[in-house]
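Remarks on the overall topology
One letter stands for each residue in the lines below.
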Amino acid sequence: MKKQIKTIFSYITVSVLFVIAQSCSDFEKYELPEAGSIPDETPPQALFTYAQGEGLDDAWKNYSFANLSTSAIEYSWDFGDGNTSTDVDAENTYPGEGTWTVTLTASDALGVVSTYSEEITVVEPEEPAVPDPTLVNADFDKLPKNNGNSSDCTCSGWDNDDIGEQGESSSGNGGSDNVVKFDNNEPDHIYQEFEVVPNADYTIELVTSFKPLENNTPPVPSMLEVRILAGTGYEDGYTPTYYATATEFPNSGYGYTSIDQVLDPANNLLVEVQNNPSDDDYLTYIYTFNAGANDSVALFIRGIGGDGSTNSYGYSSGDEEIRADSVIITAND
């Protein structure tokens, strides 16, 4: 009996030693899950979208990244240019144009990790084209004005009785009733507001003709004054209104409402004066101006040089008649 027990004990000892001799790698595949653990049925999925910055100066270098990851609580961004972030949604400013690979690493509470990468190409956008301003009746055609309540006039779309008398219809440059006249010894004017792009440059082409100086004693030369007036600041709370047709324009109570406002240097973006060129042909005069901070301006042209004490506006043309055939305003490239 003792011999049988000894044999059984020897067998058990050999079996235990055999088991102990097995490599650790053989046991790893038979390991049981940690006590209380559950499978990760919703592993994280990293994902993002991005948008380039818009606006002035270097805003195009700024990129915003929207995190669309799911089932994650921690995030790590690598923007490819050496910058990183652990914010949920992130922003990055790139040094300039180039291509970078952006990687988002998302992890959950169990330590499971997901990564998503996307290559982005940073390019400075082209400057949008500045549109040419829209002027109503820029050829000074004889049209109805004031909703048909007044007679037709080549000044249609150009009248502001608060700062001058309306220019008069006349004929010239090979046509009939196709020019606006700044009559002698009268405070005639034209005025119209239009939209511009702030800080953009513009060119004015104005075609005019001076009649010969009349033989008054002594003669009083006429001059044509051209002003671009700022669309902001001259009247607190005023919002310019743009009209599509000449008949929609009022003849007073809008825009600049006094000569004092017109003459304020702070309200002027351009002031030019045409003298009689001793040539009664129609000549083209070219001026340029910058819109500054304005998104609207006004073109104001009047005859000056005469005695302004004879009327309520404080200015008048001299002894010659002056005619304007057309005005074109274009945005510079």
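How each quantity is defined
- Residues numbered from 1 in each chain as written.
- Predicted model: local features only at pLDDT ≥ 70, side-chain atom pairs only at ≥ 80, totals over all residues.
- Heavy atoms only, no water.
- Helix = DSSP H or I, 4+ residues; strand = E, 2+ residues; numbered from the N terminus.
- Buried < 20%, exposed > 50% of the residue type's maximum accessible area, 1.4 Å probe, protein only.
- Contact = heavy atoms within 4.5 Å.
- Areas by Shrake-Rupley, 256 points an atom, 1.4 Å probe, with all protein chains shown as cover.
- Phe/Tyr/Trp six-rings, centres within 6.5 Å; stacked < 30°, edge-to-face > 60°.
- Disulfide = S-S within 2.5 Å.
- pLDDT = per-residue confidence, 0-100.
- Pairing = 2+ DSSP bridges.

If you tally the helices and strands in the protein chain, you get 3 helices and 19 strands. Scored against the burial criterion, the 333 residues of the protein chain give a buried share of 39%. At a minimum sequence separation of 6, the contacts of the protein chain that also span at least 24 residues come to 70%. Put simply, the protein chain shows about 18600 Å² of open surface, and 50% of that area lies on carbon and sulfur atoms.

This brings us to the packing of aromatic side chains. Aromatic ring pairs are reported here in terms of the distance separating the ring centres and the angle at which the planes meet. Evaluated as defined, the whole model comprises 16 aromatic pairs. When the ring of Y191 is compared with that of Y256, the centres are 6.4 Å apart and the planes differ by 65°; the resulting orientation is edge-to-face. Taken together, the positions of Y191 in strand β13 (residues 188-195) and Y256 in the loop between β15 (223-230) and α3 (259-263) put the pair 65 residues apart, joining distant regions of the chain. You'll find Y191 and Y256 in the same group, each marked buried.

Take the state of the cysteines next. On inspection of all chains with the given rule, the structure shows 1 disulfide. The disulfide bridge from C153 ends at C155, spanning 2.4 Å between sulfur atoms. Taking the torsion about the sulfur-sulfur bond, which here is approximately 125°, the covalent link between C153 and C155 counts as right-handed. Across the pair, C155 and C153 agree in class, each one buried.

The next thing to look at is the confidence of the model for the protein chain. On average, residues of the protein chain score 87 in pLDDT, and 85% of them are at 70 or above. Contacts from residues 1-33, a stretch scored under 50 in pLDDT, to residues over four places away or in other chains number 2 contacts.

Turning our eyes to something else, we now look at the sheet that holds strand β10 (residues 165-166). Strands belonging to one sheet form pairs held by backbone hydrogen bonds; the direction of such a pair is parallel or antiparallel. Judged by pairing direction, the sheet is mixed, and its 5 strands sit side by side in the order β10-β13-β18-β15-β16 without closing on themselves. Sheet topology places β10 and β16 (268-275) at the edges, where each strand pairs with a single neighbour. Sheet topology places β15 next to strand β18 (residues 296-304); 8 bridges connect them, and they run antiparallel. Following the sheet pairing, E225 is matched in β18 by R302.

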